[in-house]
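Here are the chains, one letter per residue:
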Amino acid sequence: MKQDVSKDTRDGTGTTGARSDVVLPSLGLLGTLRWAWTQLTSMRTALFLLLLLAVAAVPGSLFPQRPANPAVVTQYLQDNPDTGPVLDWFQLFDVYSSVWFSAIYLLLFVSLIGCVIPRAIAHFRAVRSKPPRTPKRLSRLPVYGTLEVPAGRARDAGLTPTAAVEQAAVLLRKRGYRVEVRDAGTERPSVGAERGLAKELGNLVFHTSLIGVLVSVAVGGLFGYNGQKVIVEGDSFVNTLIGYDSFSPGSNFSDDRLSPYSLRLDTFDVRFDRDQMSHYGQPLDFTAKVTTQDGPGEDEEQQVLKVNAPLTIGGTNVYLVGNGYAPVVTVRDGEGNIASEGPVVSVPSDALYTSLVVLKAPDAKPDQLGFVGFFLPTAFVDEEGVSFSRDPDPFNPQLNLNSYYGDLGLDDGTPENVYVLDTENLTELNSRNNDDGGIVLGVGETYDLPEGKGSVTFDGLKRYVALDIHHDPGEVGALVFSTLALLGLTASLFIGRRRLWVRTGEHPDGRIMLEYGLLARGEDHRLTAEAKAVEKLLADRWLVPSGTAGEHREQDAAQSAAGSGHAHHNAKDN
Amino acid sequence: MPLPVNAELGQVSELFMLLASIAYVVALIFFVLDLVKSSSTIGALESRLADEKSAPARTFAGVGARESGPTTAAVPTGPATADDSMDYGSGPRRGLARVAVSLTVLAALIHGAAVITRGVAAHRVPWGNMYEFCTTGAFLVALIFLVTLTRKDLRFVGSFVLGLVVIMICAATVGFPTPVARLIPALQSYWLIVHVSIAVASSALFTITFSMSVLQLLQTSREAKLLAGKADNARFLRLVPSALSLENLSYRLNAVAFVGWTFTLMAGAIWAEQAWGRYWGWDTKEVWTFVIWTCYAGYLHARATRGWTGTRAAWLSIVGYLCIVFNFTIVNIYFSGLHSYSGV
Ligand code: HEM
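It should be emphasised that the depicted structure is a prediction, and the values quoted were computed from it without experimental measurement.

### Some thoughts on the overall build of chain A
Scanning chain A for helices and strands turns up 13 helices and 25 strands. Expressed as a percentage of the 574 residues in chain A, the buried residues total 46%. Here the contacts in chain A between residues at least 6 apart in sequence split such that 63% fall between residues at least 24 apart. When the accessible area of chain A is evaluated, it comes to approximately 28,700 Å², of which 56% is carbon and sulfur surface.

Have a look at this one:
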C-alpha cells in the first residue's frame, strides 16, 4: 500500500504532461507530511509497530542488561572481546533505553495519539448526535424480525402504529438504548435506537491511559531516585547522599529532595525450614526490627520490615532485598595497635550462606594488611580437608582466611570495591598453599600473623540486611492509569455496540405490524440473542406470542459486515 | 509462622494426579476414536447421499454454510457434523464422544482433588512452584474446556486440549517433581494468589484458543483445497466447524484471556513494587510477559485490520501461545532473573 502510493506520486511528478489526465497532483511538503501522518496513524502501522515492539523487547532477555546487572555486562565484555563491543555498539546491553527501542515505542505512541484524537472527536459527535436514521428496508439488516398485534387486541388497547412505536421506545430506553421516535402520526412511524457507546469510550480510555502510563514512567525516571544500603545489626542509616552505599538519581534529581529520616536495624531474625527433609534449610521467614525517626529530634518508632512488606517513610519505600552475616573482626598491626575493628559484611554465595569475606586494614603499620577468604556459618571439613558450610544457621561459625601485606593500593584515589582485594602488589602471608597455611578461626579465637605482622581476632557474629530505598513520584500515576486502561479495555471488548430500529404500520384489517432490525458495530456475537430478548419484551407488552407470529431471520455474516459501514468490521458468528 | 506441611496428604495428592492423568489418557483415546468413527460415518453417509444424488450437502450444516466472504461463497465442503454455531443438536449421535466427555469429567474431578489436597497439605494455594503451576494450570484448562462444553459443542478440540493437559501433567511430574513445601519468603504474599491464579487461568484459555487456531489453519487450507476442487485428505476436519467460526469463537476467548493477561501484568507489577521496590524493571520474566501481552494486543489489532484477519490473526494467536510456553519453560529454567522461584 505504502509503496504503491509513493510510486504513484513519483511517477506523477516525473512525467509531466505525458499523461496529464492521470497525473496526480504533486504532494508538496505539506501534502507529504499529511501523507506520512496518515500512514503513521493507520491501523496497519499500529499493528506493525506493536509487533515490532514485541520483537525488539526480546534481546533484553537474552543479553545481560546494564541497568540491572552492570557487573555481569562488564564480565561479558571481558569474556567476549570480539563480539562484546559490537553488541554494545548496537546497544544490546541497554535495550530498553536504546535508540531503536525508544524509536519504536515513541513512534507507536505518536501513532496512538494521532489515532485517539480524531476518534475522540468523532465519538464526542456521536454521543451528541441522534440515533441514526431508520433505514428504508429493515429487512436488509443482519438480524431482522417481525411481530404482529392481532386486530382485536390492538383495538381493545387502543393501539395505533404511533402508540406502538412510542411504547417500544420506552421499553428500549429502559433497556439502555438512546431512542428517537420518527415520523410519529404518519402511516409508518419508527423508532431509532442505539446503545453501547461506552464500547468506543472504553477503547478511547484504554488507549489514552496507555499514554498516561508512559508519562508516569517518564516522571518516575526524571524525578525519582533509588539507592542501596547495607546495615549491620545495631547500625543506623540516615537518608542523605553520603548515607548510601550506592545511589542512582533520576535525571532531574536534586538532593534537597531527600528527607533526612533515619533508620536503625535493631535485630534481624531468620527462620529456616527444620521439619521437612526435602526442603531442610530453605528460608521461611526474614524479619528485620527497625527503629525509625522521621527526622532529627522527631519521635522514634519501632517498625517491622519484611520481604514483600516494605516500609514507607519520608516519601520513600524501603525494601528488604538481601541479608547475610557480618563477622566481627579485630585486626592488630605489627606495632600492636588496633588497625581495624568491627563487623565485616560478607557476601553469601550459596543457599548455605558460604560467604565471601574481604577485609582491608589500610591503617596497619608498618605494612598495610589485607585478608580474603570465606565465612562458614556451620563449618565442616570434608575428606580432602576442605572446609564447607553445611547449614545456613550459625551452628559452628568459622572464618577461613588468607592474609597479605604490602600496598593495598587505596591511596591513589581510584574508587575501590570493598568486596574485592587486589593482591597484585601484595605479599602473601597465609594461604592453604604456603607453609603457614590458611587462617582458621572460630568465634573468640585469635591468630598471630607470621613475621610479627600483627594478629586477627574473630570476636563475634552479627547479621546484616541489604536495603533498597526508592522514591518514585510516577508510581501512583502508573497505577491509576493502568487501572483505567484495564477498565477501558474490559468495556471496549465486552460491551456490544448496536443499533436497533422498529417500524410499525397498520394492516387494512386492523392488525398492527411491527418489523425490527439490528445492526452491530464491531464484533458482537450476542446480536441475535438481543433481538430475541427485544422481541420478547415487545411481545409481552402487547401479550402476543413471540416468535410464532413473526418471522425471524439472520443474514449472512458478510452482508452484515457490508451493511455496518464500519471499516474494521468482522463477520460475526451469530 | 506457617504450619508444617502434611507430607502424607502430599503423597495422596500425587496418587490422585497419577489417576487423573490415566483417566485423561483414556478420555483422549475416546476422543480420537470419536474423530475416526465420526468421520467415517460421515464418509459413508456422504457416499450414500452422492449415490442417491439427493438433497444438497446442507443436511448436516455444511462447513462454511454461513460464510460468504468475497472468495468463499458456498464452499463445496460436503457434510460435517459440526455446526458453525457450535451448538449441540445437529449431526448424528456421537456415543464415543459422550464417553470421552464423561471420562474427562471424571478425570477433572480426580485432578481437582489432587490440586486441592496439594493445597491443603501445604496450607496455602497450590501454585508456588513449577510443578504446581503446571498441574493447577492443566486442571484449569480441563475445567474451562468442560465449562465451555456446557454451552458450545467444542468436542472437536477434545483430543487436542486433553493432549495438552496430559503433556502439562507429565511435564510437571517428570520434569519438575517437587515435594510439598512451604513458601520461601519472596513468595509469601497475597499477590501470589491473585497474580499467579489469573496468569494460570489466562494461560489455560490461551491453550484452548491455541488449539482452535491450529485447527483454523488446517481448516482454512482444507477449505481452499476443496474450493479448488481437490480431494479432501483431512476428513476428520469435517467434525470441525468452518475456519471462520473457529476464528470468531477463539477471538471471544482470546479477548477474555487478554483482559486476564493484562491484569496479570498489572498485578505482577504491583507485587514487584512491593517485593523489589520497582514496578517494572525488565527482568527476563517481565520482558516475556510484556512480549506476550504485546503479541496478543497485536492479535486484537489484527482482527480489526483489513487483510490481517483470518490466517494472519491465527498465526499471531499461535505465536503468542508459543511465547507463553517459552516463558514458562525455557525462561523459568535457563534464564537467570529475579523470578528464581521455579523450584527446579
Ligand atoms: C501502545 C500501543 C497500543 C496498544 C498496546 C494497543 C492495544 C489495543 C488493544 C488491546 C485493543 C483491543 C481492545 C479494544 O478494542 O479496546 C485495541 C483496539 C484498537 N486499537 Fe489499539 N493499541 C495500541 C495502539 C494503537 C494505535 C497506534 C492505533 C491507531 C492507529 C490503535 C487503534 C485501535 C483501534 C481502532 C482499535 C479498535 C479495534 C476494533 O474496532 O475492534 N491502537 N488496541
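### Some points on the interface of chain B and chain A
Across the boundary between the two partners, chain B contributes 61 residues, which contact 63 residues of chain A. A buried area of about 5,200 Å², summed over both sides, lies between chain B and chain A, and 64% of it is on carbon and sulfur atoms. Between chain B and chain A we count zero salt bridges in total. Inspection of the chain B/chain A interface yields four residue pairs in polar contact (both at pLDDT 80 or more). Put simply, the parts of the chain that give the side of chain B that touches chain A at least two residues each are α6 (243-276) and α7 (284-302) of chain B. Sort the elements by how many residues they give to the side of chain B that touches chain A and α6 of chain B lands first, with 18 residues.

### Re a nonpolar patch on the surface
Residue and element names in this part refer to chain A. Residues V347, L356, F374, V418, Y419 and V420 make up a contiguous nonpolar surface patch of about 460 Å² in total accessible area. The topology assignment puts L356 in strand β14 (residues 355-361). L356 gets classed as partly exposed once you look at its relative accessible area, which sits at 32%.

### Quick notes on the coordination of the iron atom of the ligand
Looking at the iron atom of the ligand, one finds its protein donor set to be H207 of chain A (NE2) and H301 of chain B (NE2), positioned 1.9 to 2.0 Å from the metal centre. Considering all six donor atoms around the iron atom of the ligand, angles at the metal cover 76 to 178° and the coordination shape is octahedral. Highlighted residues: H207 of chain A in helix α10 (residues 197-223) and H301 of chain B in helix α7, drawn from two different chains. H207 of chain A sits in the buried class, given a relative accessible area of 14%.

### Thoughts on unusual backbone geometry
Residue and element names in this part refer to chain A. In this structure, P366 follows K365 across a cis peptide bond, with omega equal to 5°. Residue placement: P366 occurs in the loop between β14 and β15 (368-376). Despite not being glycine, Y353 has its phi angle at roughly 60°, a positive value. Mapped onto the fold, Y353 is located in the loop between β13 (347-348) and β14. Of the residues examined, Y353 reaches a relative accessible area of 8% and is grouped as buried.

### Remarks on the environment of T423 of chain A
Counting through the fold element by element, T423 of chain A comes out in the loop between β18 (398-406) and β19 (426-430). A sequence separation of 52 residues divides T423 of chain A from F371 of chain A, and the C-alpha atoms of the two residues are 9.7 Å apart.

### Examining the domain arrangement of chain B
Residue and element names in this part refer to chain B. Here chain B is described as being made up of domain 1 (1-47 + 82-183) and domain 2 (184-344). Of the roughly 3,300 Å² buried where domain 1 meets domain 2, counting both sides, 80% is carbon and sulfur surface. For domain 1, the biggest contributors to the area lost against domain 2 are W127, M130 and L183; these three give 19% of the whole. Our enumeration of links across domain 1 and domain 2 arrives at zero salt bridges. Seen at the junction of domain 1 and domain 2, the total is zero residue pairs in polar contact (both at pLDDT 80 or more).

### Observations concerning the confidence of the model for chain A
Residues and elements named next belong to chain A. For chain A, per-residue confidence averages 84 on the pLDDT scale, and residues scoring 70 or more make up 89% of the total. Of all helices and strands in chain A, the one with the weakest mean pLDDT is helix α1 (residues 2-14) (33), whereas helix α11 (residues 475-494) scores best (95). Throughout residues 1-22 the model reports pLDDT below 50, and contacts reaching past four residues in sequence, or to other chains, amount to ten contacts. Here residues 555-574 is modelled with pLDDT under 50, and outside its nearest four sequence neighbours on either side it reaches 51 contacts, counting other chains as well.

Conventions adopted
- Residues numbered from 1 in each chain as written.
- Chains lettered and ligands numbered in written order.
- Predicted model: local features only at pLDDT ≥ 70, side-chain atom pairs only at ≥ 80, totals over all residues.
- Heavy atoms only, no water.
- Helix = DSSP H or I, 4+ residues; strand = E, 2+ residues; numbered from the N terminus.
- Buried < 20%, exposed > 50% of the residue type's maximum accessible area, 1.4 Å probe, protein only.
- Contact = heavy atoms within 4.5 Å.
- Areas by Shrake-Rupley, 256 points an atom, 1.4 Å probe, with all protein chains shown as cover.
- Buried area = accessible area lost by both parts, 1.4 Å probe.
- Salt bridge = Lys/Arg side-chain N within 4 Å of Asp/Glu carboxyl O.
- Polar contact = N/O pair within 3.5 Å; in protein donor to acceptor, adjacent residues only side chain to side chain.
- Patch = residues over 30% accessible without salt bridge, like charges linked within 9 Å, V, L, I, M, F, W, Y side chains within 5 Å.
- Donors = N, O, S within 2.8 Å, 3.2 Å for Na, K, Ca; no water.
- Tetrahedral: all angles 85-135°; square planar, octahedral: opposite > 155°, others 65-115°.
- Domains from an automatic or database assignment.
- pLDDT = per-residue confidence, 0-100.

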